[in-house]
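Residue strings, one per chain:
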Amino acid sequence: MDNQAVSKNLDENITWWKQQFSGCADIKMLGMCLGKDMDVRAFLTYVEITGGSFMIEKSTLGNLLAGLNRLPKDEVLEKIRENGMGVSDAVPFASMMEAADAMLTGDTVLFVDGFDRAVKIPDKGYPAMTLKDVDSEKSIHGSNEGFGNSIKQNTALVRKRLRSPDVKVWEKKVGVRTKTNVDIMYVDGLVYPEFLQEMERRLDRFTVDGVQDIGVIQQLSEKYWYSPFPQFQSTRRPDRAAMALLEGRMVVLVDNSPEALIFPTDYNSFIKTADDYYNRWEIASFTRVLRYAASFLAMVLPGLYLAVTNFHTQILPTNLLLSFAAARQGVPFPGVVELLLMELSFELLREAGIRLPGVMGNTIGIVGGLIIGQAAVDANIVSPMVVIIVAFTALCSFAIPNEEFSTAFRLLKFAFIGLCAAWGFYGFLVGLLFLLVHLSQLESFGMPYFTPFVGADMNRNADEEDSFVRPPSALLKRRPVYASEKNRTRLRIRKQKKL
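Numbers given to residues run from 1 along each chain, matching the order in which its sequence is written. It should be noted that, the model being predicted, local features are given only for residues of pLDDT at least 70 and side-chain atom pairs only at 80 or more, the latter also being counted only at that level, while totals for whole chains, interfaces and linings use all residues. Working from all heavy atoms in the structure, the side-chain values ignore hydrogens and water.

J.: For this particular structure, what's the right way to read the pairing of strand E10 (residues 260–263)?
T.: In regular strands, side chains alternate between the two faces of the sheet. In this scheme, a residue with accessible area under 20% of its type's maximum is buried, one over 50% is exposed, and one in between is partly exposed, where area comes from a 1.4 Å probe on protein chains only. Elements are defined by DSSP. Helices are runs of H or I of four residues or more, strands are runs of E of two residues or more, and each kind is numbered from the N terminus. Across the two faces of E10 the burial is the same, with Ala 260 and Ile 262 and Leu 261 and Phe 263 all buried. Pairing between strand E9 (residues 250–254) and E10: four bridges, direction antiparallel. Paired with Val 251 across the strands is Ile 262, a residue of E10. A pair of strands is labelled paired if DSSP reports no fewer than 2 bridges between them.

Written out as structure tokens, the structure reads:
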């Protein structure tokens with residue numbers, strides 16, 4: 001990137017600035033005139049959510065501009081040069097890149113015609129922890145900040161973590177009556193332009209009355225609307241969105257929605273969490289393997305139980321089979337009815353817990369599960385083993401990091417129950433075959449859903465290495481296949497001389 005010196009010619013500075021921050025809808029650039037006779041041209045620039053408070057009389061920037069507007073032209077430059085207005089932490093920069101870095105830290109930068117320095121003026125900065133914590137994506141390490149309901153605030157939270165002019169914000173209004181702002185963030189040079197063009201095409205494909213939440217955009221933009229598996233990855237964590245941008249992916253933000261959509265995505269991305277890269281690689285690998293196993297068991301465990309107990313009892317040890325039979329004595333319903341009763345009861349408890357406010361929701365889930373499960377066993381409506389299977393299946397579904405992704409396994413669980421109840425293990429294999437065929441055909445913006453398990457050679461197997469097991473950080477040297485091929489190197493370790 002060209003790092004030219006700040007020129008006395010204001011037009012040259014404006015041209016450089018607009019060139020570097022083209023396509024950044026959240027970077028504001030204001031032309032103005034200073035001095036008693038308004039004969040000194042100036043240029044003010046800031047990140048939208050961090051600046052703009054100069055309109056308030058008590059702000060530092062507002063006081064500075066008001067003071068300069070009372071001076072004649074020949075005294076304006078002298079006051080700025082000597083910081084005669086007494087602004088604390090006002091720093092002059094000789095190069096344009098230094099000025100750009102200062103603006104991206106959350107301050108306002110002022111250029112004045114005839115003055116060969118850019119002046120950083122402290123302003124209110126990026127939004128801090130006035131935002132709510134993330135509830136759905138808990139993390140032991142890392143920031144606790146979560147997205148809010150303001151799209152300007154959300155873009156600033158991402159830019160706060162990626163202070164580079166290469167971070168672009170493409171903006172569009174969607175909704176005939178709501179005129180809702182939709183922003184697409186990406187890192188210029190890392191993304192494939194085809195991804196942005198495809199998303200623009202999908203947004204232009206529909207005309208809707210209004211957009212109240214990002215879920216509307218997601219459903220109208222998905223190519224495979226009939227699939228239970230999402231083709232966008234949702235997140236409420238700004239650090240997760242920033243990590244996705246560094247991987248060469250794109251982030252969609254919608255006004256009035258505290259959530260972001262990441263695309264393209266794949267099965268492996270839904271299993272990963274931010275903690276995977278903040279923790280040591282051993283524990284991160286262990287928990288990731290657990291999540292993969294949980295995603296499989298959350299879908300097939302109840303069905304496999306039915307297949308084994310109803311059709312293929314010979315594969316069980318005799319003592320275990322006798323234990324199952326003894327537990328079912330007195331139960332009037334077949335195994336499939338037992339499972340469906342308990343699964344539907346648990347889904348009702350989960351829904352009730354979501355709808356009830358605060359602590360009451362958590363209480364109804366725990367107490368209701370214990371009471372209903374124990375009462376059903378005591379009344380001989382279900383066997384204790386079914387309660388264990390349903391509870392363990394629920395634990396597996398909770399272990400899946402992305403809630404929207406886990407709903408696909410919750411729905412498929414009932415399909416496997418039906419197949420296994422009808423045909424036993426053969427029904428399980430048929431269901432698994434159809435699922436694998438569907439996932440093999442599924443894609444997200446042209447990228448296979450089974451990336452990196454297919455096409456691993458496109459990125460020298462780097463994505464495959466970061467799948468079931470997370471390698472040590474020193475070995476994560478390449479970006480995923482989503483990034484532009486010429487910019488896939490993200491880590492270089494310098495060799496140091498031995499002392």
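J.: How should I be thinking about helix H15 (residues 384–398) in this particular structure?
T.: Residues separated by three or four positions in an α-helix point in the same direction, a consequence of the helix having 3.6 residues per turn. Here the expected length of a helix is defined as 1.5 Å per residue gap, with one fewer gap than residues. Taking 1.5 Å as the rise per residue, H15 with 15 residues should run 21 Å; its terminal C-alpha atoms sit 21 Å apart, in good agreement. Turning to H15, its buried residues number three or more, namely Val 386, Ile 389, Val 390, Thr 393, Ala 394, Cys 396 and Ser 397. In an axial view of H15, the angular spread of the buried residues amounts to 160 degrees, which keeps them on one side of the axis. Exposed residues pointing more than 90 degrees away from the buried face of H15 are listed as Leu 395 and Phe 398. The contact rule is simple, with two residues in contact once any of their heavy atoms fall within 4.5 Å. Buried residues in H15 make contact with helix H11 (281–310), helix H13 (335–355) and helix H16 (403–423). Directions from the helix axis toward the C-beta atoms define the arc.

J.: Whenever I open this one, the sheet that holds strand E4 (residues 108–112) confuses me. Can you help?
T.: To summarise the sheet geometry, strands pair through backbone hydrogen bonds and adopt either a parallel or an antiparallel arrangement. What the five strands build is an open sheet, ordered E1-E2-E4-E5-E3; its pairing is antiparallel. Two strands close off the open sheet at either side, each with one partner strand: strand E1 (27–34) and strand E3 (91–93). Strand-to-strand, the axes of this sheet are offset by a mean angle of 25 degrees, without reference to chain direction. Of the pairings in the sheet, the one linking E1 to strand E2 (residues 40–47) comprises eight bridges and is antiparallel in character. Every angle, taken between N-to-C directions, lies between 0 and 180 degrees, and every axis is a line fitted to C-alpha atoms, over only the stretch in contact when it is a helix.

J.: Explain the packing of aromatic side chains here, please?
T.: Within a pair of aromatic rings, the relevant descriptors are the distance that separates the centres and the angle that separates the planes. A pair of aromatic rings is counted whenever rings of Phe, Tyr or Trp (Trp by its six-membered ring) have centres within 6.5 Å, and the orientation is called stacked for planes under 30 degrees apart, edge-to-face for over 60 and tilted otherwise. Under the counting rule described, the total for this entry stands at 26 aromatic pairs. Note on Phe 270 and Phe 405: the rings are 4.5 Å apart at their centroids and 5 degrees apart in plane angle, and the pair reads as stacked. One end of the pair, Phe 270, is in helix H9 (residues 267–271); the other, Phe 405, is in helix H16, with 135 residues separating them in the sequence. Assessed through its relative accessible area of 1%, Phe 270 is described here as buried. Put simply, the rings of Phe 229, Tyr 267, Phe 270, Tyr 292, Phe 405, Phe 409, Tyr 449, Phe 450, Phe 453 and Phe 468 pair up and form one aromatic cluster.

J.: Mind showing me how you'd approach the pairing of strand E6 (residues 167–174) here?
T.: Where E6 lies against strand E7 (residues 180–187), eight bridges are found, and the strand directions are antiparallel. Each residue of the ladder has a partner; that of Val 167, found in E7, is Val 187. Between E6 and E7, which follow one another and run antiparallel, lie five residues, and Gly 175 among them has a positive phi close to 110 degrees.

J.: Quick question: what am I supposed to make of the state of the cysteines here?
T.: Two cysteines, two sulfur atoms, one covalent bond between them: this is a disulfide. Criterion for a disulfide: a pair of cysteine sulfur atoms within 2.5 Å. Evaluation of the coordinates by the stated rule reveals zero disulfides. Cys 396 supplies the cysteine sulfur nearest to Cys 420, a cysteine that is in no disulfide, at a spacing of 16 Å.

None of the figures reported here should be taken as evidence of function without further support.
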